[in-house]
2 protein chains.
Amino acid sequence: IEDQKNSRLESLLNEVHYADIAEIINELSEEHATYLIKLLDSDKTSDVLTELDEDVREAILNNLSAKEIAGELEELDTDDAADIVGELPKEIIHEVISEIEDREHAKDIVDLLRYDENSAGGLMAKELVKVRESWNVLTCVKEMRAQAENVTRVHSIYVVDDNDKLKGRLSLKDLLTTSTKSHISDVYIPKVDSVSVNEKPEEVAKIMSKYDLEAIPVVDEMNRLVGRITIDDIVDVIREEAEKDYQMAAGISQDVEADDSIWNLTRARLPWLFLGLVGGLGAAAIMGSFENMISSHAILFFFTPLIAAMAGNVGVQSSAIIVQGLANDDLKGGVGSRLIKEMLLAMLNGVVLATVLLIFTWVYKGDFLTSLAISISLVVVIIVAGLIGTFIPLFLHKRGIDPAIATGPFITTSNDIFGILIYFTIAKILLGI
Amino acid sequence: IEDQKNSRLESLLNEVHYADIAEIINELSEEHATYLIKLLDSDKTSDVLTELDEDVREAILNNLSAKEIAGELEELDTDDAADIVGELPKEIIHEVISEIEDREHAKDIVDLLRYDENSAGGLMAKELVKVRESWNVLTCVKEMRAQAENVTRVHSIYVVDDNDKLKGRLSLKDLLTTSTKSHISDVYIPKVDSVSVNEKPEEVAKIMSKYDLEAIPVVDEMNRLVGRITIDDIVDVIREEAEKDYQMAAGISQDVEADDSIWNLTRARLPWLFLGLVGGLGAAAIMGSFENMISSHAILFFFTPLIAAMAGNVGVQSSAIIVQGLANDDLKGGVGSRLIKEMLLAMLNGVVLATVLLIFTWVYKGDFLTSLAISISLVVVIIVAGLIGTFIPLFLHKRGIDPAIATGPFITTSNDIFGILIYFTIAKILLGI
């Protein structure tokens, strides 16, 4: 496809959506990618840039001059432009910013750089349509047309007072059906949801999806309107949040993808495996301390993987339900009632499973007493595992720690150790060894 | 708060957002909830109804007459109304529908009932603004005003031909800045993304978030415009999808919440635990077959929980990365290269962990040969676990099965069994027993 035939390629690419072009470019070599980028229309280039993988974008930007980068930034909304500037090497940021011709735009980008990436301020864009409450509808429509030039999607029109304090909103639809002589202060809706610049992205996502908002204004500490966040950015937040929790539960500690380097993947995976190793050594030590039972009751030792697996599974199940409930804010009642419920649940599951186990081992091995001891231990192990799985995330959450770390390997490992300890202790007592 | 003081309560409630009222009502008894619902303004009631938990809504609707329900449905968008009608008992659906005064609205709701809940058709709403390409801008603005009455949020204006076939779109902004004499066919944008009524919700979510769309038109098999899907419904789809995968990975097979009944929670959790039980019995049987080694090498048996845990953890890690890559469509390269990469990764992790294990057990137990045998087995177990964890989800995906079922207990259990079998086999060979 590459190399010659520029004009055909060019017209072909301009037919294609920028997100698709970005996907193609992600697959190309650095040289080919830069070549393609330079072929594109300038306004398309900038959109493609925002959709590229971070490492590919970095490589391409390295091959562009400060002036070229500045040109792309001018085409972008301030939030996307600020994200790209934030990734540039420090020494060239200054040069790139000074090359941006639209000084307002440059100022907005620099403003946004100040905010923590992990806050509403870091997510918001400066592009929005705002009108003063003192205007009438006619002035308002005129001003809006001018402002709307810079705004890709007008969601709401925000109404501010003379000090830029957020007062309310106007919907486009309302404006279409109102006489041009009315004053804004008479027609605007004085109730508007807003978030503070310091709000966490997860909280913004919760608010926007609870109230079905498509854009939300962001205010500073003095309630002045400083930006707005649109739902498409929130969709990304929700996805990332879900991926993070999922990876945490699977024992992967950083945001990695299947295509990352082996080194990055190892750094994300090895720590949790190491935790598992320590847990396994603990379990081995516990079993070693019951070594005197091995000659008379070898069968007890054969069931340790079963006990460990059940303890781990039950713990993961109950912790996952709690973590999800906490994430959705839909946990009712106190810790006590939650633990009682989990205990009943674990007891029910435990008795069913233990009965199956009892019948199976009894028929198979013919030693009723040992089978009974194993089964009773299993019930107790399941109950304890359920309680640990319920308690730890609730406890971490109360302490202000992300409860998601309590799922996966952490809960599995601790439940393995407790499970095996309980199992041998109970078996020992019941069998009178 | 309850019982008397109606007027104060009423004015209080009308100040509050419907999503918050729904949260309050979810907590109340059925009697109090119905009482509160009846106090609310009718247009607020309907919004509150859509936000309620399913079981609470069912209880409340049971206490309302068909006429009252029909009144609420009239206030709602067709997609939300159809969702509520879909939950009603069959025998009263007919009565409720016939009580809806707006016959167009009733017809739209009935239309939507036909679509599978798990398709674009089941997600879409009938409310949209569409104009014919043959109109001029003036007619168009007039028609739009009439249509916009029924549409809560106008995102795009869709352009259709005389047979209702989707031709393109107009943006509100463009319309604001165009002369009233132009023809629609001259100003519309002929490119518009759309989805088929039969498309899966996950696919719609992918398309909308890839292209940053806030609404997408839905077309039938003849490319006729039949509805549109808005981003707020897609946010729900993304959340549910993420929760489903998360629960699957944790071994919870149905969509349950922490507050569901013990019976529902048991049904969701017990099958996976049962799988774990079968796996544990398998592991016990394998260990039983190596019973002759127990007197000379008891230590081998002490390490079985460690081996099982490591096999499980590695399997979960690698399958989670693959499942996530598949969900995001960002897996490149073939199965072969993926397996080679995972093998290298597992080897690296395995050697690091085995070295730690070797030193530890050697120092502690003083038996170098046994320690070496355990460590070498660990490396092999980790590699095999990584390969299984990588291969199974890829295989399921190729077969058209949701690869998410391969995470969690399924992978843990199979890896436990394989891990223990490999471990004892290798140890036996190395130790020459």
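Conventions and cut-offs
- Residues numbered from 1 in each chain as written.
- Chains lettered and ligands numbered in written order.
- Predicted model: local features only at pLDDT ≥ 70, side-chain atom pairs only at ≥ 80, totals over all residues.
- Heavy atoms only, no water.
- Phe/Tyr/Trp six-rings, centres within 6.5 Å; stacked < 30°, edge-to-face > 60°.
- Helix = DSSP H or I, 4+ residues; strand = E, 2+ residues; numbered from the N terminus.
- Buried < 20%, exposed > 50% of the residue type's maximum accessible area, 1.4 Å probe, protein only.
- Lys NZ or Arg CZ within 6 Å of the ring centre and 35° of its normal.
- Salt bridge = Lys/Arg side-chain N within 4 Å of Asp/Glu carboxyl O.
- Domains from an automatic or database assignment.
- Pairing = 2+ DSSP bridges.
- Axes fitted to C-alpha atoms, helices over the stretch in contact; angles between N-to-C directions.
- Contact = heavy atoms within 4.5 Å.
- Polar contact = N/O pair within 3.5 Å; in protein donor to acceptor, adjacent residues only side chain to side chain.

A separate point is the packing of aromatic side chains. For the structure shown, the criterion picks out 14 aromatic pairs over all chains. Judged by centre distance (4.9 Å) and plane angle (50°), the ring pair of F301(A) and F424(A) falls under tilted. Taken together, the residues F301(A) in helix α17 (residues 298-302) and F424(A) in helix α21 (residues 409-431) connect sequence positions 123 residues apart. For F301(A), a relative accessible area of 0% puts it in the buried group. Judged by relative accessible area, which is 0%, F424(A) ranks as buried. With 5.8 Å between their ring centres and 10° between their planes, F360(A) and Y364(A) make a pair best called stacked. Here the residue F360(A) and the residue Y364(A) both occupy positions in helix α19 (residues 335-365), the gap between them amounting to four residues, near one helical turn. The class for F360(A) is partly exposed, based on a relative accessible area of 40%. The exposure class of Y364(A) is exposed, given its relative accessible area of 64%. Taken together through their ring pairs, the aromatic side chains of F290(A), F301(A), Y423(A), F424(A) and F302(B) make up a single cluster. Positioned over the ring face of Y115(A) is R114(A), at 5.3 Å from the centre of the ring.

Here we come to the pattern of salt bridges. On inspection of all chains with the given rule, the structure shows 22 salt bridges over all chains. E87(B) is the partner of R57(B) in a salt bridge, and the nearest nitrogen-oxygen pair spans 2.7 Å. With R57(B) in helix α5 (residues 54-62) and E87(B) in helix α7 (residues 78-87), this residue pair connects regions lying 30 residues apart in the sequence. Under the relative-accessibility criterion, R57(B) is labelled buried at 7%. One continuous salt-bridge network, built from bridges that share partners, spans K107(A), D111(A) and K126(A).

Segmenting chain A into domains produces domain 1 (6-115), domain 2 (129-230) and domain 3 (262-431). The C-alpha centroid of domain 2 of chain A is placed 29 Å from the C-alpha centroid of domain 1 of chain A.

To continue, consider the sheet that holds strand β1 (residues 129-132) of chain B. All names here are of chain B. In spatial order, the strands read β1-β2-β3; together these three strands make up an open sheet with mixed pairing. Because the sheet does not close on itself, it has two edges, and the strands there are β1 and β3 (166-170). Recorded for the sheet is a direction-independent mean angle of 35° between the axes of neighbouring strands. Both strand β2 (residues 157-160) and β3 contribute to a ladder of four bridges, which runs antiparallel. Across the sheet, V160 pairs through a bridge with L166, a residue of β3.

Moving on to helix α9 (residues 103-113) of chain A. Residues and elements named next belong to chain A. For α9, the complete set of buried residues consists of H105, A106, D108, I109, D111 and L112. Looking at the buried residues of α9, the elements they touch are α6 (66-75), α7 (78-87), α8 (90-99) and α10 (120-123). The backbone nitrogen of E104 lies 3.1 Å from a side-chain oxygen of the residue at the head of α9, namely D102.

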